[in-house]
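# Structure at a glance
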Amino acid sequence: MDDEATIARRRGAMTGGIPRGRSRGRLADEVYDTLLGQMMSLRIEPGSRVTIDALARELGVSQTPIRDALNRMEAEGLVVRVPHAGYRIPPQITRHRFEDMLEIRLLLEPAAARRSAERASLQQVADLRRLLEEMAELEGGDGLMAYGAFGLRDAAFHDLVAQSAENQVIREALARLHTHVHLFRLLHDTQVTHLAMAEHEEVVTAIAARDPDAAAYAMRRHILRSGERFRRLFDEAEGADGMVVEA
């Protein structure tokens, strides 16, 4: 699927029901994005159970695209099939998994940003700017739905940087991590979106200026700062556990 189609699909993924008149594959894609958004907004909570029947009623579509989307999510480790009971949403990632993901991102994403500054088309740069505009409209928005919608566009932004680098191996490796799904499930904090906006702008500015070093530096700094923002959650949780033990 091309950049514009992907962006358009994700743009509408958090609006509730799925429009009718789509092909089976298109419907499954839209259901998939909607479920990702609901997971990132914590509308679907870690550890909760979802069923095909309930989702079909909620989204106003047949069971077939629901089943297709859930099968795809199961293959990607985003849901777990429970025999005769539907699907279960996995728990939030562990600190160890978080640190592993951060290490891989630091290896791959600055390199992708560097190549993007060298290879991105004018249309791709324009698409990156359009995603920034959409995130700006959602940034600081009220409610979990706006937070989840921001997360979808954040993921689309990083995916487009990787795609514009013209290295499919890097793009596929990053896509398999589902970084933003896991990170946005950790907390709902509008400060996270506010700080990310300025960092994204630095990345796009460097790519548009065709400055590979600046693009790689901006991306690395963004990932490191993002890691610091989310790492404190694990620090706080471990501190709370320690107090319980001492008591």
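- The name given to the chain in an unreviewed UniProt entry is GntR family transcriptional regulator, and the organism recorded there is Nonomuraea composti.

## So, the pattern of salt bridges
- A complete count under the given rule lists 18 salt bridges for this structure.
- For aspartate 29, the salt bridge goes to arginine 72, with nearest N and O atoms at 3.4 Å. Of this pair, aspartate 29 sits in helix α2 (residues 24-40) while arginine 72 sits in helix α4 (residues 63-75); the two residues are 43 residues apart in sequence, bridging distant segments of the chain.
- Between aspartate 127 and arginine 130 there is a salt bridge whose closest N-O contact spans 2.7 Å. Of this pair, aspartate 127 and arginine 130 both sit in helix α6 (residues 122-138), 3 residues apart, which is roughly one turn of the helix.
- Here the residues in one salt-bridge network are Arg95, Glu99, Arg231 and Asp235, joined through shared partners.

## Comments concerning the side chain of glutamine 38
- Along the chain, glutamine 38 falls in helix α2.
- A residue is classified by how much of its surface remains accessible, and glutamine 38, at 4% relative accessible area, is buried.
- Within the structure, the side chain of glutamine 38 is placed 3.0 Å from the side chain of glutamate 58, a separation counted as a polar contact.

## A short note on the packing of helix α3 (residues 52-59) against α4
- Two elements in contact, α3 and α4, have axes whose closest approach is 9 Å; the angle formed by their N-to-C orientations is 120°. Relative to α4, the element α3 lies oblique. Crossing of α3 over α4 shows right-handed handedness. When α3 is examined against α4, the residues Ile52, Asp53, Leu55, Ala56 and Leu59 are found in contact with a partner set consisting of Gln63, Ile66, Arg67 and Leu70.

## Here's the deal with the sheet that holds strand β1 (residues 49-50)
- Strand order in the open sheet formed by 3 strands is β1-β3-β2, and the pairing between neighbours is antiparallel. Two strands in the sheet have a free side with no partner beyond their single neighbour: β1 and β2 (80-82).
- Pairing geometry for β1 and strand β3 (residues 86-88), over 2 bridges, is antiparallel. Each bridged residue has a counterpart across the sheet, and for valine 50 the counterpart in β3 is tyrosine 87.
- In the packing of α4 onto the sheet, the strands contacted are β1, β2 and β3, and the crossing angle to β3 comes to about 40°.

## Observations concerning the nonpolar core
- If you look at the biggest cluster of nonpolar residues, it comprises 65 residues, and the most contacted ones within it are Leu36, Ile66, Leu70, Met73, Phe157 and Ile207.
- In terms of residue count, the dominant contributor to this core is helix α7 (residues 143-164) (8 residues).
- For methionine 73, the residues in contact, after removing those within four places along its chain, are Tyr32, Leu35, Leu36, Met39, Leu78 and Val79.

## Here's the deal with the packing of helix α5 (residues 95-119) against helix α8 (residues 168-177)
- Running from N to C, α5 and α8 cross one another at 145°; their axes reach a closest spacing of 10 Å. You can see that α5 and α8 cross each other, and the crossing is left-handed. Judged by residue contacts, Met101, Ile104, Arg105, Leu108, Glu109 and Ala112 of α5 engage Ile170, Ala173, Leu174 and Leu177 from α8.
- Residue composition of the contact of α5 with α8, by class: 8 nonpolar, no polar and 2 charged.

## Details of unusual backbone geometry
- A positive phi angle is found at histidine 84, which is not glycine, with a value near 65°.
- Within the secondary structure, histidine 84 is located in the loop between β2 and β3.
- One non-glycine residue, glutamate 166, lies in the positive phi region at around 60°.
- Looking at the secondary structure, you find glutamate 166 in the loop between α7 and α8.

How each quantity is defined
- Residues numbered from 1 in each chain as written.
- Predicted model: local features only at pLDDT ≥ 70, side-chain atom pairs only at ≥ 80, totals over all residues.
- Heavy atoms only, no water.
- Salt bridge = Lys/Arg side-chain N within 4 Å of Asp/Glu carboxyl O.
- Helix = DSSP H or I, 4+ residues; strand = E, 2+ residues; numbered from the N terminus.
- Buried < 20%, exposed > 50% of the residue type's maximum accessible area, 1.4 Å probe, protein only.
- Polar contact = N/O pair within 3.5 Å; in protein donor to acceptor, adjacent residues only side chain to side chain.
- Axes fitted to C-alpha atoms, helices over the stretch in contact; angles between N-to-C directions.
- Parallel < 35°, antiparallel > 145°, perpendicular 65-115°, else oblique.
- Left-handed = near helix turned anticlockwise from the far one by under 90°.
- Contact = heavy atoms within 4.5 Å.
- Pairing = 2+ DSSP bridges.
- Core = buried A, V, L, I, M, F, W, Y, C linked by side-chain atoms within 4.5 Å.
- Nonpolar A, V, L, I, M, F, W, Y, C, P; charged D, E, K, R; others polar.

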